[in-house]
Amino acid sequence: MKNKHLIGLEGYPKQDINEIIETAFSFKEVLERPIKKVPSLQGKTIVNLFFENSTRTRISFELAEKRLSADSINFSASSSSLNKGETFKDTVKNIESMKIDAAVIRHSFPGSALMLTNYIDSVVINAGDGTHEHPTQALLDIVSLKEKFGYIKNLKIGIIGDIAHSRVALSNIYGLITLGAKVTLCGPSTLMPIKIEELGLTVNNNIDEVIEWADAINVLRIQRERMNNALIPSVREYRKLFGITQSRIEKHNSELVIMHPGPMNRWVEIDSNVADSEQAIILDQVLNGVATRMAILYLLLSGTTKKDS
Ligand code: CP
């Protein structure tokens with residue numbers, strides 16, 4: 001791997017993304033075995049620094065670490081000495097002094113994963129930093145697409161919803177464009193970053209056209225707190241204009257693959273029966289998350305790093 005850390009997919013080498021995908025498929029095979037464990041990271045210690053809530057990412061990383069036989073430690077901000085006034089810097093430097101090899105970090109502050117690389121020498125993996133990036137989610141999404149279609153180049157992907165506040169969207173955009181996919185964004189113009197087309201994608205605010213065009217759509221969670229800022233008039237209005245509803249899906253391409261990174265607001269951005277349908281690969285994404293995170297941990301920690309970045 002070219003980079004020591006995984007902070008984001010902006011500028012991340014295509015060759016390394018492909019290596020992660022191929023390694024994830026090998027580990028997926030391990031996850032199908034009766035004994036789902038390999039000794040690849042025996043003797044390595046990984047700390048999961050979760051300063052923000054998580055279900056999928058936290059459990060997925062912890063499982064990936066255990067499946068690779070690493071020693072896994074969970075830090076929870078709510079029960080830590082941060083509550084006694086200790087700084088982020090002191091907290092992470094104290095944890096590193098106990099001889100860890102890697103830190104996985106989730107934090108609500110954009111840039112926190114990069115900032116952590118200034119404080120510790122261990123490998124840092126970004127598990128979601130505010131509205132910036134969520135690279136492991138994008139990589140598991142790409143692994144899920146590759147598993148479903150067999151290729152990524154020229155695959156037509158619609159990303160639907162709150163693009164402006166979505167770290168999942170941004171990491172998917174960088175990763176998919178690097179691999180040659182065609183990406184169209186669809187959502188309210190109040191939730192669309194300005195000049196986003198400059199990244200080499202298309203914006204189309206007509207959800208029916210995007211559904212008709214796409215091979216797969218990735219449906220983002222509507223962050224209800226945005227409604228307080230008047231960025232979305234109402235849940236009902238959003239669902240009418242951009243919701244992935246049963247009636248909308250029935251009118252279109254029956255081969256369409258439907259993805260969602262979770263957590264879902266059923267009946268808001270996606271109808272419950274659509275989320276549970278044969279077209280949806282949402283739970284496959286979750287399983288692929290474990291295999292993908294195993295691949296990332298293995299490739300970054302098994303001694304193949306060439307240089308710091
Ligand atoms: N997709 C995702 O990041 O989910 P969690 O917030 O539950 O980790």
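Residues numbered from 1 in each chain as written. Predicted model: local features only at pLDDT ≥ 70, side-chain atom pairs only at ≥ 80, totals over all residues. Heavy atoms only, no water.

A short note on the packing of helix α3 (residues 88-96) against helix α4 (residues 112-119)
Thinking step 1. Close contact between α3 and α4 brings their axes to 10 Å; oriented N to C, the two are set at 60°. Relative to α4, the element α3 lies oblique. Considering only the axes of α3 and α4, their crossing is right-handed. Mapping the contact onto sequence places F88, K89, V92, K93 and E96 in α3 and S112, M115, L116 and Y119 in α4.
Thinking step 2. Broken down by class, the residue content of the contact of α3 with α4 amounts to five nonpolar, one polar and three charged. (Axes fitted to C-alpha atoms, helices over the stretch in contact; angles between N-to-C directions. Helix = DSSP H or I, 4+ residues; strand = E, 2+ residues; numbered from the N terminus. Parallel < 35°, antiparallel > 145°, perpendicular 65-115°, else oblique. Left-handed = near helix turned anticlockwise from the far one by under 90°. Contact = heavy atoms within 4.5 Å. Nonpolar A, V, L, I, M, F, W, Y, C, P; charged D, E, K, R; others polar.)

Examining the domain arrangement of the protein
Thinking step 1. When the domains of the protein are assigned, the result is domain 1 (14-134 + 286-302) and domain 2 (136-282).
Thinking step 2. Taking only C-alpha atoms into account, the centre of domain 1 sits 26 Å from that of domain 2.
Thinking step 3. Interface area for domain 1 against domain 2, summed over the two sides, is near 2,200 Å², with a carbon-plus-sulfur share of 59%.
Thinking step 4. Linking domain 1 to domain 2 there are three salt bridges.
Thinking step 5. K28 is the salt-bridge partner of E147, the closest N and O atoms lying 2.7 Å from each other.
Thinking step 6. For the pair domain 1 and domain 2, the number of links is 14 residue pairs in polar contact (both at pLDDT 80 or more). (Domains from an automatic or database assignment. Buried area = accessible area lost by both parts, 1.4 Å probe. Salt bridge = Lys/Arg side-chain N within 4 Å of Asp/Glu carboxyl O. Polar contact = N/O pair within 3.5 Å; in protein donor to acceptor, adjacent residues only side chain to side chain.)

Focus: the site of the ligand
Thinking step 1. The local shell around the ligand consists of S54, T55, R56, T57, R106, H134, Q137, P261 and G262.
Thinking step 2. Contact between the ligand and H134: an oxygen atom at 2.9 Å from a side-chain N or O atom of the residue.
Thinking step 3. Within the backbone of P261, an N or O atom sits 2.8 Å from a nitrogen atom of the ligand.
Thinking step 4. Compared with its free state, where it exposes 260 Å², the ligand has 92% of that area covered by protein.
Thinking step 5. Counted by class, the shell around the ligand contains one nonpolar, six polar and two charged residues. (Near = heavy atom within 4 Å. Areas by Shrake-Rupley, 256 points an atom, 1.4 Å probe, with all protein chains shown as cover.)

Here we look at the side chain of H252
Thinking step 1. Here H252 is to be found in the loop between α10 (246-250) and β9 (257-259).
Thinking step 2. Polar contacts involving the side chain of H252 include one to the side chain of D208, which spans 3.0 Å.
Thinking step 3. Within the structure, the side chain of H252 is placed 2.6 Å from the side chain of E212, a separation counted as a polar contact.
Thinking step 4. The residues contacting H252, other than those within four sequence positions of it, are D208, I211 and E212.

Some words on the pairing of strand β3 (residues 102-107)
On any regular strand, side chains alternate: one points to one face of the sheet, the next to the other face.
Thinking step 1. The buried fraction of β3 is high, at six of six residues.
Thinking step 2. Burial along β3 is two-sided: the residues A102, V104 and R106 and A103, I105 and H107 are all buried.
Thinking step 3. Of the pairings in the sheet, the one linking strand β1 (residues 45-50) to β3 comprises five bridges and is parallel in character. Directly across from V47, in β3, lies its bridge partner A103.
Thinking step 4. Taking the sense of rotation as the criterion, the β-α-β connection linking β3, α4 and strand β4 (residues 123-129) turns out right-handed. (Buried < 20%, exposed > 50% of the residue type's maximum accessible area, 1.4 Å probe, protein only. Pairing = 2+ DSSP bridges. Right-handed = clockwise from strand over helix to strand, strands pointing away.)

Focus on the sheet that holds strand β8 (residues 216-219)
Thinking step 1. Sheet architecture is open: five strands sit in the order β7-β6-β5-β8-β9, paired in parallel fashion. What marks the edges here is a single partner per strand, and that holds for β7 (202-203) and β9.
Thinking step 2. Relative to β8, strand β5 (residues 156-160) runs parallel, the two sharing four bridges. In the strand pairing of β8, I160 is matched with V219.
Thinking step 3. Across the face of the sheet, helix α5 (residues 135-149) comes into contact with β5, β8 and β9 while running at roughly 165° to β9.

Some remarks on the sheet that holds β3
Thinking step 1. Strands sit in the order β2-β1-β3-β4 across an open sheet of four strands; the sheet is parallel. Every interior strand has two partners, whereas the edge strands, β2 (71-76) and β4, have only one. The mean angle between the axes of side-by-side strands here comes to 15°, regardless of whether they run parallel or antiparallel.
Thinking step 2. Each of β1, β3 and β4 touches helix α12 (residues 282-301); the most contacted strand, β4, lies at about 150° to it.

Some words on the nonpolar core
Thinking step 1. Counting residues in each nonpolar core, the largest one holds 60 residues, and the members touching the most others are I125, I159, L185 and L297.
Thinking step 2. Take this core: its biggest share by element is nine residues, from α12.
Thinking step 3. Taken together, domain 1 (14-134 + 286-302) and domain 2 (136-282) each give at least three residues to this core, which thus spans both.
Thinking step 4. Beyond its immediate stretch of four places on either side in the chain, L297 contacts L41, I46, F61, A64, E65, L68, I125 and S302.
Thinking step 5. Listed in part, the 23 residues of the second largest apolar core include I160, C186, A214 and V219. (Core = buried A, V, L, I, M, F, W, Y, C linked by side-chain atoms within 4.5 Å.)

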